[in-house]
Amino acid sequence: MKSLLYPLKFDPIYQYRLWGGRKLESLLSKPLPNDEPIGEAWILSDRKDHASKVSEGPLRDYTITQLMKEYPDEIMGNLKDQFDRFPLVLKFLDCKEVLSVQVHPSDDQKKYIPHGDTGENRSLGSFRNC
């Protein structure tokens, strides 16, 4: 029997964006890399190229990908058989500039999705508001 997971905290994955700023450092109390504009902080991501890592405790440095494989019941509950990867990307945006509305392809529009990425499902609340 596997033990229950403790409340997990993940290291943010900062993303350079030309339109970004530097406010995420104070919001998340984590230093930003370099002096470049950071537009996104991914709080939880299970993308192939950017998997979040646990920041503390006995599972420190485990990725969400590893946790999904080792603890599917604890992470996904009754939905464990419906997803191979964690189905959401949770992020904060710092928009120093006004941005246009962006429309992203859904999972069934594979030819428009970059390798290693997934589509976005509007019903899960994937909207951008800066």
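First, a word on what this report is: a plain description of the structure on this page. Not measured: the values here are computed from a predicted model.

Description of the layout of surface pockets
In this model, the second largest pocket occupies a volume close to 170 Å³. Taken together, Leu8, Lys9, Phe10, Pro12, Leu28, Lys30, Ile43, Ser55 and Glu56 make up the lining of the second largest pocket. Here the residues of the lining of the second largest pocket sort into 5 nonpolar, 1 polar and 3 charged.

Here's the deal with the side chain of aspartate 46
Following the sequence through the fold, aspartate 46 ends up in the loop between strand 2 (38-44) and helix 2 (64-70). Aspartate 46 gets classed as buried once you look at its relative accessible area, which sits at 4%. Side-chain polar atoms of aspartate 46 contact the side chain of threonine 65, separated by 2.3 Å. Among residues more than four places away in sequence, those in contact with aspartate 46 are Ala51, Ile64, Thr65, Met68, Arg85 and Phe86.

What counts and what doesn't
Position numbers for residues count from 1 along each chain, tracking the sequence in the order it is written. Given that the model is predicted, a residue must reach a pLDDT of at least 70 before its local features are reported, and side-chain atom pairs must reach 80 or more before they are shown or counted; all residues, however, enter totals for whole chains, interfaces and linings. Note: side-chain values were computed over all heavy atoms of the structure, leaving out hydrogens and water. Each cavity reported here is a set of points on a 1 Å grid over the protein atoms alone in which a 1.4 Å probe fits but cannot get out, each pocket an open set with protein on both sides within 12 Å along at least five of seven lines, and each lining residue one with an atom within 4 Å of a point. Grid points are joined across faces, edges and corners, and a volume is the space filled by probe spheres set on the points. Side-chain classes follow a simple rule in which Ala, Val, Leu, Ile, Met, Phe, Trp, Tyr, Cys and Pro form the nonpolar group, Asp, Glu, Lys and Arg form the charged group, and the remainder, Gly included, forms the polar group. Each helix is a run of DSSP H or I of at least 4 residues and each strand a run of E of at least 2, with the numbering of both proceeding from the N terminus. Three exposure classes are used, based on accessible area relative to the maximum for each residue type with a 1.4 Å probe and protein chains only: buried under 20%, partly exposed in between, and exposed over 50%. We define a polar contact as two N or O atoms separated by no more than 3.5 Å, with the added condition that, inside protein, one atom must be a possible hydrogen donor and the other a possible acceptor, whereas residues neighbouring each other in sequence contribute only through side-chain atom pairs. It only takes one pair of heavy atoms within 4.5 Å for two residues to be counted as in contact.

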